[in-house]
Amino acid sequence: MEHKTCFHCGLECENSPIIFDDKSFCCNGCKTVYEIFSLNDLTCYYDFQNAPGAAPKEIVGKYDFLDNEKIVEKLLEFNNEKTQIVTLYIPHIHCSSCIWILENLNKLLPAVSSSQVNFGKKTVRVTYNSETLSLKNLVDLLSRIGYEPYISLEDYTTGKNQINRSIIYKLGVAGFAFGNIMFLSFPEYFQVDGFWIEKYKPLFRWLMFTFSLPVVFYAAQDYYISAYKGLRSKLLNIDVPIALGISVLFIRSTAEIIFNLGSGFFDSLTGLIFFLLIGKFFQQKTYSFLSFERDYKSYFPIGITKISSEAKEESIQVYDIKKGDRLLIRSEELIPVDSILIKGNALIDYSFVTGEAEAVSKQSGDKLFAGGKQIDGVIEVDVLKTVEQSYLTQLWSNDVFKTNKEDAFTSLTNKISKHFTITVLAIAFLATTFWLLTDASKALNVFTAVLIIACPCAIALSAPFTFGNLLRIFGKKKFYLKNASVIEQLSKINTIIFDKTGTITANKETRINYKGLELNAKEEALLKSTLRGSNHPLSRSLYNILGEHNIVTLDSYQEHLGKGIEANFKSNHIKIGSAPFVGHTSDSTTLNTTVHVSTNNTYKGKFTFYNAYRKGLSKLFNALKKDYDLVILSGDNQGEKENLTKLLPSKTKLLFNQKPEDKLDYIKYHQSEGANVLMIGDGLNDAGALAQSNVGIAISENVNVFSPACDAILDASKLNQLYNYIKASKSAISIIKWSFLLSFLYNVVGLYFAISGQLSPVIAAILMPLSSISIVIFTTIASNFLGNKFE
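What counts and how
- Residue positions are given per chain, counted from 1 along the sequence in the order it is written.
- Thresholds applied to this predicted model are a pLDDT of at least 70 for local features of residues and 80 or more for the giving and counting of side-chain atom pairs; totals over whole chains, interfaces and linings are not thresholded and use all residues.
- With hydrogens and water stripped out, all remaining heavy atoms of the structure feed into the side-chain values.
- Under the scheme used here, helices are H or I runs from DSSP no shorter than 4 residues and strands are E runs no shorter than 2 residues, and both carry numbers assigned from the N terminus.
- Every helix has an expected span of 1.5 Å times one less than the residues it contains.
- Take the buried Ala, Val, Leu, Ile, Met, Phe, Trp, Tyr and Cys residues and link them wherever side-chain atoms come within 4.5 Å; each set so joined is a nonpolar core.
- Think of it in three bands: with a 1.4 Å probe and only protein chains considered, a residue is buried below 20% of the maximum accessible area for its type, exposed above 50%, and partly exposed in between.
- Planes of paired rings set the category: under 30 degrees apart is stacked, over 60 is edge-to-face and the rest tilted, where pairs are Phe, Tyr or Trp rings (Trp by its six-membered ring) whose centres lie within 6.5 Å.
- Salt-bridge detection follows one rule: a side-chain nitrogen of Lys or Arg within 4 Å of a carboxyl oxygen of Asp or Glu.
- Pairing between two strands is assigned when DSSP locates at least 2 bridges connecting them.
- Per residue, pLDDT measures the predictor's confidence, with a range of 0 to 100.
- Two residues form a contact once any of their heavy atoms are found within 4.5 Å.
- Inter-axis angles, ranging from 0 to 180 degrees, are taken between N-to-C directions of lines fitted to C-alpha atoms, where helices are fitted over the stretch in contact.
- Any angle from 65 to 115 degrees is called roughly perpendicular, while one under 35 is roughly parallel, one over 145 is roughly antiparallel, and all others are oblique.
- Crossing handedness is read from the near helix: turned anticlockwise from the far helix by less than a right angle, it gives a left-handed crossing, and turned clockwise, a right-handed one.
- For this classification, Asp, Glu, Lys and Arg are treated as charged, while Ala, Val, Leu, Ile, Met, Phe, Trp, Tyr, Cys and Pro are nonpolar and the rest, including Gly, are polar.

Remarks on helix α8 (residues 239-258)
Thought 1: The end-to-end C-alpha distance of α8, which contains 20 residues, comes to 28 Å, matching closely the 28 Å that a straight helix rising 1.5 Å per residue would cover.
Thought 2: Note on α8: the residue one or two positions beyond its end, Asn-260, has a positive phi of about 55°.

Focus: the nonpolar core
Thought 1: Among the nonpolar cores identified, the biggest contains 52 residues, and Tyr-223, Ile-246, Phe-266, Leu-269, Ile-273, Leu-277 and Ile-453 are the most heavily contacted of them.
Thought 2: Counting only elements with at least two residues in this core, the list comes to α5 (166-190), α6 (195-219), α7 (221-232), α8, α9 (266-289), α13 (408-438), α14 (440-453) and α24 (722-755).
Thought 3: Per-element tally for this core: the top contributor is α14, with nine residues.
Thought 4: Leu-470, Leu-719, Ile-735 and Ala-782 belong to the second largest nonpolar core, which has 47 residues in total.

Considerations on the packing of aromatic side chains
The relation between two aromatic rings is expressed through the spacing of the ring centres and the mutual angle of the planes.
Thought 1: All chains considered together, the criterion is met by 16 aromatic pairs.
Thought 2: Here Phe-176 and Phe-211 contribute two aromatic rings whose centre-to-centre distance is 5.9 Å and whose plane-to-plane angle is 70°, an arrangement assigned as edge-to-face. Linking Phe-176 in helix α5 with Phe-211 in helix α6, this pair joins segments that are 35 residues apart in sequence.
Thought 3: A centroid spacing of 4.7 Å and a plane angle of 35° characterise the contact between Phe-498 and Phe-621, whose relative ring orientation is tilted. Highlighted residues: Phe-498 in strand β19 (residues 495-499) and Phe-621 in helix α20 (residues 617-624), separated in sequence by 123 residues.
Thought 4: For Phe-498, a relative accessible area of 0% gives the class buried.

Some remarks on the pattern of salt bridges
Thought 1: Counted according to the given criterion, the structure contains twelve salt bridges.
Thought 2: One salt bridge connects Asp-67 with Lys-136, and the closest N-O pair in it is separated by 3.3 Å. With Asp-67 in the loop between α1 (28-40) and α2 (69-75) and Lys-136 in helix α4 (residues 135-144), this pair connects stretches of sequence that are 69 residues apart.
Thought 3: Asp-67 sits in the exposed class, given a relative accessible area of 52%.
Thought 4: The salt bridge involving Glu-488 is made with Lys-492; its shortest N-O contact spans 3.9 Å.
Thought 5: With relative accessibility at 2%, the residue Glu-488 sits in the buried group.
Thought 6: A cluster of three or more residues bridged by salt bridges with shared partners is formed by Glu-313, Arg-326, Glu-380, Asp-382 and Arg-532.

Brief notes about unusual backbone geometry
Thought 1: With a phi angle near 70°, Lys-478 is a residue other than glycine that sits in the positive phi range.
Thought 2: Summarising the element assignment, Lys-478 is placed in the loop between α15 (457-476) and β18 (479-481).
Thought 3: Residue class for Lys-478 comes out partly exposed when judged on its relative accessible area of 39%.

Topic: the pairing of strand β13 (residues 346-349)
Thought 1: Where β13 and strand β14 (residues 359-362) come together, four bridges link them in antiparallel fashion. Considered in β14, the bridge of Ile-348 is made with Val-360.

Side note on the confidence of the model for the protein chain
Thought 1: Within the protein chain, residue pLDDT values average 76, and 76% of them lie at 70 or more.
Thought 2: Scored below 50 in pLDDT, residues 154-162 shows 16 contacts in the model against residues more than four places distant or in partner chains.
Thought 3: Across residues 399-404, confidence stays below pLDDT 50; counting only partners more than four residues off in sequence or on other chains, it has 13 contacts.

Digging into the sheet that holds strand β16 (residues 373-374)
Thought 1: The antiparallel open sheet is built from three strands, whose spatial order is β14-β13-β16. Both outer strands of the open sheet, β14 and β16, are each paired with one neighbouring strand and no more.

Looking at the packing of α8 against α14
Thought 1: Put simply, α8 and α14 touch, their axes get as near as 8 Å, and they point 155° apart. By the angle class used here, α8 and α14 are roughly antiparallel. Handedness of the crossing formed by α8 with α14: left-handed. Contact with α8, carried on its side by Pro-241, Ile-242, Leu-244, Gly-245, Val-248, Leu-249 and Arg-252, involves Leu-444, Phe-447, Thr-448, Leu-451 and Ile-452 of α14 and no other residues of that element.
Thought 2: Taken together, the residues of the contact of α8 with α14 sort by class into nine nonpolar, two polar and one charged.

Okay, here's the thing in structure tokens:
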């Protein structure tokens, strides 16, 4: 049997190799990966594969410790069958080009399904297929393209690194050398003549050369390394023109002193690197100080039910969960923490984490990961650890839930980042050619100044910092958004659709009356046990008013969206919901909201709900009517039409008896007519309509309605502030446009002075980071001003 080495993985083929493109592959998987790389010409194939000789010497064997399963298990935040998720700290993330490269890892490795960068924390969160890619190979790839992760083996964690003081050491070296070279250059500056000066001039020049060596080869090494790895990967980052400018200055200066043509530009060279490092240092400090990492501990309005040692149920916030707590997870609820299944039938949907909708059955004693959704009745779990900061936020922003909602500013900044370096290099070479023909003495300064002064960071950071700060402000006001693009979409809406029950009605103030046959103790216990598993606003209201009963573990539980719920316990069967669902002919004279009950196919009666509307509702609608089309879509009958007509503006459309699919179709129709729709409703029951709308907001009232379908979660008590949130979103767009204009003017003016030979490289190095910092400060102050307008 013929044995050959696989071109892709470097392993010996166990069976007859697959021949493709005159190369041998051990399986179709390896052949397919090769095809993807070669057909798309994405990068140098050998740079990212495990074929013999492919890995640089400094990487070989460095990450062998990641072959240890115990270490890998500690590093992973999710590990279920073939999907693994890891968050890695990448110290070398420093510009928008870095973000673009890291968020397109799937182009380098098809096994990576998504990668998300947190610029402020310098982390990348990668979701990948563990059957075709190991964590070790992923880390190898990142190292080869210039983004080596920092992995702490002391505490098996990422991101909790010690302070990186290397930039401070490099600043010290560059500053010391720059100062000494300036002193040695004084005779050249003032053109001092004299025997002593002329005699020792060559010595001074060689001393300047000596002082420049540690600056060029130590202090500036990050620029060379980043540029080299980027070019090797066929990726142009912002460090390429900077490294080129430094190299040209050094080579030209060295040539001048070797051939005794002059003193060179060592003062400009070391000053350039010194001020670049100062700029990088202050950028890091600024970004750290203005960190917009959203800590949901303060803002996330999600309630979870905790079961006390006395078997009493109480609603607590997710950030109050402690290790060892017993939690009740209802049907369609999210599991907020890693836990152990104690009681109940668990059927967990991990699509929230992985994007794969296949549900997984779990038994008592099995581990359940945070982010899974229970879809089959009630379960009880014991908490393994407290909620990890921002983990749910990361899940919510997962790429698998992204739709085709356009993000204009992100698209614009991505294009700028992608083509900026090529444009700058072209301008630099054209300007240098012009000056070589006109005044060769200025050519080098012009070339270097152009490469240094132009920077896409000011433009690229305008939108992230404006939106980021507004996300933080909204969070403090109990309006929590999935990501920054929601603000942009919110500013474009012209139609607002409200659900009624649980959205504009206050569940806590609802009055409920029962009419029908009296329920016996067993039926009441079964009714309460069944309602216990539902998150529908009417179910929660009804559950809370029923007396205490012995909760039983149901044999089966099923929720029919828009109709009702049914359950079985031993020989008893119960149905709760609409009249047709329970098999009863509806009483047409009753127009109020009702919930009907039947047990063992016998109709028992109905609960009638008398709604109370949220405070400030009339004022909110009157403010919104000036700019938006307003619609109420309700699944209930017309019992509240008269009350709503008195309460709301006359132009408000009122549509009743709307099923979930009806709401979805209504939104689709209006979108086809050009409407940008904001849907506000129940995060669970209106999931389809929320997902279809341009912006979907779920109202939260101490209920775990967290759903990937919604774009935002609004605390029920803040519904009356909706108009202010939308108004602030529109103002944020104006701030970004102004900062774009300022950034554009900076680059145009800077390039003009650089091209015309009026700007030295040292001044350019000072101005480049100042532009980014000034834009960040402008957007932050302006967005904070918006936040102060809230009540």
